[in-house]
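Commentary on secondary and tertiary structure
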Amino acid sequence: METRQFYTRKDKIVLACGNVLLALFALAVLVPLVYVVLASFIDPVVLTNQGISLLPKDWTLEGYRRVFQDKMITRGFLNSFLYSSSFAAFSTAVCLLAAYPLSLPNFVGRKALNTFFLITMFFGGGLMPTYLLVSNLNLINSPLALILPGAVNVWNIILARTYYKSIPQELHEAAALDGASELQYFFRVLLPVCKPIIAVLVLYQFVGMWNSYFDAMIYLEDQSLQPLQLVIRSILVQNTPRPGMVADAQNAAMMAKIAEQLKYATIVVSSVPLLVMYPFFQKYFEKGVMLGSVKG
């Protein structure tokens, strides 16, 4: 027998206000995204003079053609994908390995290590000590300068540790009775049932590295090693597109209009990997976040 849920007048008002706020928030997120995507396909002259147009004759792929023909953007895209993939894999492996002993109740020094990790979340050495450390390790102008320093993420360790605690202890006991060592249990038994939290950690780290540009601006001097974000920074912040991207424009006004379209096209191109990744991780994302942050 179904039970009907009754709402008072006050409840209905609160729900209506909540729905309105959610709708406004969704519009605040969707409208800029839709505008950027549409603007990247519209002729720069039409976009400057009339704004967004839905007429097919006003649409063009010229912006994307210029973006993909620029070697620095192509190289930056490949560099960003390589850095983000390597960082996500390495950082996730480190966090999973570090979180496992911290989740064991009989691990000696567990509380002291947990406290030590928590302190690093609130206090850091700052930019200059970090730069000196990277310099002394001879990592300047090396991709490892982007991957190694931030590989240990305390928040991700806490998420993984809490997720481990949500797994029944009987699984560990059964593996021990079968003669499995701690390493065998971790790699053959535990990790296969930790796909949700692994997906969450990989997505967090990939997105974080993909959107990062400050470390690359400090540590990478060679332009051939720079990620896509630095190229985008020059286009969006400094308003200086790559010279070859607008070299065939006949006058300064046309160059400015083309540069405006290139901004939108570059933003869309840089967002594609994240939009492609999310559907594959979505089924694990909610479960991994909830179990890794609530249970324990």
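Above this text is the structure in question.
Described in the following lines is the structure provided in the data block. (Residues numbered from 1 in each chain as written. Predicted model: local features only at pLDDT ≥ 70, side-chain atom pairs only at ≥ 80, totals over all residues. Heavy atoms only, no water.)

1. Observations concerning the nonpolar core
Leu96, Tyr100, Tyr164, Phe186, Leu190, Cys194 and Ile197 are the most contacted members of the largest nonpolar core, which has 23 residues in total. Contributions of two or more residues to this core are made by helix H4 (71-103), helix H8 (154-166), helix H10 (182-190) and helix H11 (195-211). With seven residues, the top contributor of residues to this core is H8. Those residues in contact with Phe186 that lie beyond four places of it in its chain are Leu96, Leu97, Tyr100, Tyr164 and Leu191. In terms of nonpolar packing, the next biggest core, distinct from the first, is built from 21 residues, Val67, Leu228, Ala265 and Met277 among them. (Core = buried A, V, L, I, M, F, W, Y, C linked by side-chain atoms within 4.5 Å. Buried < 20%, exposed > 50% of the residue type's maximum accessible area, 1.4 Å probe, protein only. Helix = DSSP H or I, 4+ residues; strand = E, 2+ residues; numbered from the N terminus. Contact = heavy atoms within 4.5 Å.)

2. Quick look at the environment of Ile267
Assignment of secondary structure puts Ile267 in helix H14 (residues 252-293). Overall, the relative accessible area of 28% leaves Ile267 in the partly exposed class. On a C-alpha basis, the gap between Ile267 and Gln229 in space is 9.8 Å, while along the polypeptide they are 38 residues apart.

3. Some words on the environment of Pro149
Inspection of the secondary structure assignment puts Pro149 in the loop between helix H7 (144-147) and H8. On the basis of relative accessible area, Pro149 is assigned to the partly exposed category, the value being 44%. Along the primary structure Pro149 and Ser91 are separated by 58 residues, whereas in three dimensions their C-alpha atoms are 10.0 Å apart. When sequence neighbours within four positions are dropped, the list of residues in contact with Pro149 reads Val134 and Leu144.

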